[in-house]
Every structure is written in structure tokens, then in C-alpha cells.
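Architecture at a glance
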Amino acid sequence: MEPIILAYIGIGLMIALSGIGSAYGTTIGGNATIGAMKKNPDAFGSYMVLSGLPGTQGLYGFAGYFIFSSGGVLNPDITLLQAVAVFAGSLAAGLVCFFSAIRQGQIGANGISAIASGHEVFGNTLILAAFPELYAIISLAAVFMINSAIV
């Protein structure tokens, strides 16, 4: 197998895993929003923000591809070591984004449920939902650092 193929398999996994995680996480929030709308339809803006937060992880996976592609490492002359680094960094970022999006969706859903019950917890939920996001951002930073190290 050519090293470039291994690198692109990793990038494909990063994009797929982060996108699937975001789709799953936003669906968790969306499902909670549908239930919450029955109780308190006036808080839709808060529900929408909390439901949409996990969508950013899918963007991080896509941004990871741009980091690798703009660095010039993705070319037919890529070495096996560079390809392994791209594959490993991409897989790690994809998995982190996958799980952080799902967990962020769960935190958002709990906040949505609490807001529907009349509790003023939007700000607190937003802060707590930012914690899983931090690890997705760190994984994207790691992709940037890996790219810088292998170019």
C-alpha cells in the first residue's frame, strides 16, 4: 500500500467520526428540544443553542483536513513515517471529536430539560457543555502540531 493511501484513510476517518459524533450529539439535543417545546415553547432560542453546540466537532474534523492539506504533506512523495503520523493524528482527533460531541449533546439535553421545567440554567449549562468541547479543540491543536512536526 502506498503511504498516501494510509494518510487519506486517516483523514477520512477523522472527517467521518467527527461528523457522525456531531450528528449524534445534535440529535440528542434536538430530541430533548422537541420534548421541551411541549412544556415551554418560549425558550426555543436557548434550546437551539444547546442543541447546536455539538455541531462544532464535525467542523473540527473538516478543519483537520485543511491543516494537513495546506501543510503540503499530502502529496505522492509522502514518507511512510509521515503517513503514519497523519493517520494516527487523524484517528485520534476523529475519536475525540466523536465522543466529545455525544457527551456535549447529553449535557445540552439535560440543560434543555431543566429549562423546560422552569429552571434558569442556560448559562450554567453552556459552561458545562464547553468542557467536552475543550478536548475536541485540543485534538485539533494536536493535528496542527503533528502537521508542523512532519512538514
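Further up the page is the structure itself.
Residues numbered from 1 in each chain as written. Predicted model: local features only at pLDDT ≥ 70, side-chain atom pairs only at ≥ 80, totals over all residues. Heavy atoms only, no water.

**Thoughts on the side chain of Thr 125**
Turning to its location among the elements, Thr 125 is positioned in helix H5 (residues 122-150). Note on Thr 125: relative accessible area 6%, which makes it buried. Setting aside anything within four residues of it in sequence, one finds Thr 125 in contact with Leu 50, Ile 107, Gly 108 and Gly 111. (Helix = DSSP H or I, 4+ residues; strand = E, 2+ residues; numbered from the N terminus. Buried < 20%, exposed > 50% of the residue type's maximum accessible area, 1.4 Å probe, protein only. Contact = heavy atoms within 4.5 Å.)

**Quick look at the environment of Leu 134**
On the secondary structure map, Leu 134 appears in helix H5. Put simply, Leu 134 and Met 145 are 11 residues apart on the chain and 16 Å apart in space, counted from C-alpha to C-alpha.

**Thoughts on the environment of Tyr 24**
Relative to the assigned elements, Tyr 24 resides in helix H1 (residues 3-39). Residue Tyr 24 is classed as partly exposed on the basis of its relative accessible area of 48%. Separated by 77 residues in sequence, Tyr 24 and Ala 101 have C-alpha atoms that sit 7.5 Å apart.

**What about helix H4 (residues 80-116)?**
Along its 37 residues, H4 runs 53 Å from first to last C-alpha, staying within 8% of the 54 Å computed at 1.5 Å per residue. Of the residues one or two after H4, Gly 118 is the one with positive phi, at around 100 degrees. (Expected span 1.5 Å × (residues − 1).)

**What to know about the packing of aromatic side chains**
Aromatic ring pairs are defined here through the distance separating the ring centres and the angle between the ring planes. For the coordinates displayed, the defined rule picks out 3 aromatic pairs. Centre to centre, the rings of Phe 62 and Phe 66 are 4.9 Å apart; their planes meet at 90 degrees, and the pair counts as edge-to-face. Highlighted residues: Phe 62 and Phe 66, both in helix H3 (residues 55-70), separated by 4 residues, approximately one helical turn. Between Phe 98 and Phe 99, the aromatic rings sit 4.9 Å apart at their centres with planes inclined by 85 degrees, giving edge-to-face as the arrangement. Taking the relative accessible area as the measure of exposure, Phe 99 reaches 52% and is therefore exposed. Taken together through their ring pairs, the aromatic side chains of Phe 62, Tyr 65 and Phe 66 make up a single cluster. (Phe/Tyr/Trp six-rings, centres within 6.5 Å; stacked < 30°, edge-to-face > 60°.)

**Regarding H5**
Its 29 residues give H5 an end-to-end C-alpha distance of 42 Å, which sits within 8% of 42 Å, the value for a rise of 1.5 Å per residue. Those residues of H5 that fall on the buried side of the exposure criterion are Thr 125, Ala 129, Pro 132, Glu 133, Ala 136, Ser 139, Leu 140, Val 143, Asn 147 and Ile 150. As for H5, its buried residues are in contact with H1, helix H2 (44-52), H3 and H4.

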